[in-house]
Amino acid sequence: DDDVGREQDPEQLKTQEIQTLFNAIHRLKFSELLPDDQELFIKISRNMFPEIQIDGDSVQSSEEQLQRSLERVCEDSFLDSYPYFCEKVQQLNQMISLYDGILIVGKAFSGKTSMYKVLSRSLGPHDEKKSKEEGFVTTVVANPKSMTIEQLFGYFDSCNEWKDGILATSLRTFS
């Protein structure tokens, strides 16, 4: 880069810091909002951060690649790639990148299973021969209602030794 060793303009630095702050707030809270509240969030953000470009429909290049992949996976799975569904899958991807573990909750038949399966296939290789190579996405699904707390998390046995539960075993396998 030509900018190596040069000091950046203080205004440019301030704008970059504000952009970073907004991106952090957006990634953490936007997906938790209802659609009407998301529109309100964008309007308020434009007023609070006038020096940065805020567009509710803008996506970065990695998100654009994920969007194309989502559409292809939806087509292959005979699912309609409605904008709302794809947006929720994008938000799920952002949440996964921010947090170590997440829960997907919602009403029955609201698309929870389809959402994580489409994301998993979108992030993984699209060639079946490459599915065992690096970059392949593996998911573990646990239904906490079907087991005891001890089976889920683990417990101390009668000899005071720790026995891992399903979640601890899964986390250890993938770490």
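Residues numbered from 1 in each chain as written. Predicted model: local features only at pLDDT ≥ 70, side-chain atom pairs only at ≥ 80, totals over all residues. Heavy atoms only, no water.

Draft legend 1. Structural context of the layout of surface pockets. Taken as a whole, the largest pocket holds about 1400 Å³ of empty space. Forming the boundary of the largest pocket are 33 residues, of which I102, L103, V140, V141 and A142 lie nearest the centre. Among the secondary structure elements, those contributing two or more residues to the lining of the largest pocket are helix 4 (83-98), helix 5 (112-123), helix 6 (149-153) and helix 7 (166-174). The element that contributes the greatest number of residues to the lining of the largest pocket is helix 5, accounting for six residues. Here the lining of the largest pocket is composed, by residue class, of 20 nonpolar, ten polar and three charged. (1 Å grid on protein atoms, 1.4 Å probe; cavity = no way out; pocket = protein on both sides within 12 Å on 5 of 7 lines; lining within 4 Å. Points joined across faces, edges and corners; volume = space filled by probe spheres on them. Helix = DSSP H or I, 4+ residues; strand = E, 2+ residues; numbered from the N terminus. Nonpolar A, V, L, I, M, F, W, Y, C, P; charged D, E, K, R; others polar.)

Draft legend 2. Summary view of the pattern of salt bridges. According to the stated counting rule, one finds two salt bridges in the structure shown. Among the ionic pairs, D164 bridges to R172, the shortest N-O distance being 2.0 Å. (Salt bridge = Lys/Arg side-chain N within 4 Å of Asp/Glu carboxyl O.)

Draft legend 3. Focus on the nonpolar core. Core analysis: the largest hydrophobic core is formed by twelve residues, namely L66, L70, V73, C74, F85, C86, V89, L92, M115, Y116, V118 and L119. Listed by contribution, the elements that provide at least two residues to this core are helix 3 (61-76), helix 4 and helix 5. (Core = buried A, V, L, I, M, F, W, Y, C linked by side-chain atoms within 4.5 Å. Buried < 20%, exposed > 50% of the residue type's maximum accessible area, 1.4 Å probe, protein only.)

All we've got here are geometric facts, nothing functional implied.
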